[in-house]
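These are the residues of each chain, in order.
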Amino acid sequence: MDELTKSLEDYLEMILMLQKEHGSARVTDIAKRLNVKKPAVTNALKILSDKGLVEYFPYKEVQFTRKGKELAENLLDKHKIITRFFTDVLDIEFSVAEDDACKVEHVISEGTFNRLEAFLKFVLESDKNCIDIEKFKKECKN
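Residues numbered from 1 in each chain as written. Predicted model: local features only at pLDDT ≥ 70, side-chain atom pairs only at ≥ 80, totals over all residues. Heavy atoms only, no water.

## Examining the overall build of the protein
The secondary structure content of the protein amounts to 7 helices and 2 strands. Written out in order from the N terminus, the α and β elements of the protein read α-α-α-β-β-α-α-α-α. By residue count, 37% of the 142 residues in the protein fall in the buried class. Considering only contacts within the protein whose residues lie at least 6 apart along the sequence, 54% involve residues at least 24 apart. (Helix = DSSP H or I, 4+ residues; strand = E, 2+ residues; numbered from the N terminus. Buried < 20%, exposed > 50% of the residue type's maximum accessible area, 1.4 Å probe, protein only. Contact = heavy atoms within 4.5 Å.)

## Points about the pattern of salt bridges
The final tally for this structure, using the stated rule, is 6 salt bridges. The partner of Lys-6 in a salt bridge is Asp-10, and the shortest N-O contact between them spans 2.9 Å. Taken together, the positions of Lys-6 and Asp-10, both in helix H1 (residues 6-22) and 4 residues apart, correspond to about one turn of that helix. With relative accessibility at 42%, the residue Lys-6 sits in the partly exposed group. As a salt-bridge pair, Lys-103 and Asp-99 come within 3.1 Å of each other at their nearest N and O atoms. (Salt bridge = Lys/Arg side-chain N within 4 Å of Asp/Glu carboxyl O.)

## A few points about the packing of aromatic side chains
Counted according to the given criterion, the structure contains 2 aromatic pairs. For the pair Phe-85 and Phe-86, a centre-to-centre distance of 6.1 Å together with 55° between the ring planes defines the contact as tilted. For the pair Phe-85 and Phe-86, a shared accessibility class is recorded, and that class is buried. Seen from their ring centres, Phe-85 and Phe-119 are 6.2 Å apart, and the 70° between their planes marks the pair as edge-to-face. Taken together, the residues span a long stretch of sequence, with Phe-85 in helix H4 (residues 66-89) and Phe-119 in helix H6 (residues 110-125) at a distance of 34 residues. What makes Phe-85 buried here is its relative accessible area of 14%. Judged by relative accessible area, which is 33%, Phe-119 ranks as partly exposed. (Phe/Tyr/Trp six-rings, centres within 6.5 Å; stacked < 30°, edge-to-face > 60°.)

## Things to note about the environment of Ile-108
Within the secondary structure, Ile-108 sits in the loop between helix H5 (94-104) and H6. Relative accessible area serves as the criterion here: at 16%, Ile-108 is assigned to the buried category. Taking C-alpha positions, Ile-108 is 9.9 Å from Lys-78, a pair spaced 30 residues apart along the chain. Those residues in contact with Ile-108 that lie beyond four places of it in its chain are Lys-78, Ile-82 and Phe-113.

Keep in mind that these numbers describe shape and distance, not what the molecule does.
As structure tokens, this is what we get:
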């Protein structure tokens, strides 16, 4: 499949978030949350539909294909992991971390992301407390 643009990836994430929050994703809701006009949403949904990632019919709720849902879940997981790294390890304010994670998730290589995820897991979930995150946060405040 062709690479998706950052914008199209954002649409997939938003559809998934709306489905998780409200049980459905409609053009109006997507437009509001992404702060875009409805025709832009419709155009994006047509492209995603052509790529086999969503099923879109005018005036109906957007549905994922199996491939689309899998991709959206991967994108959302990546976003959450990067946000968690920024907040829990680097002690960045949540709103800034969210915004930065949204930017980084589209350009980070898979290999770098995998290492970041492994490091986050090691630091936050390991019994091997060899890294003092609290000391880092205290000593590295700007």
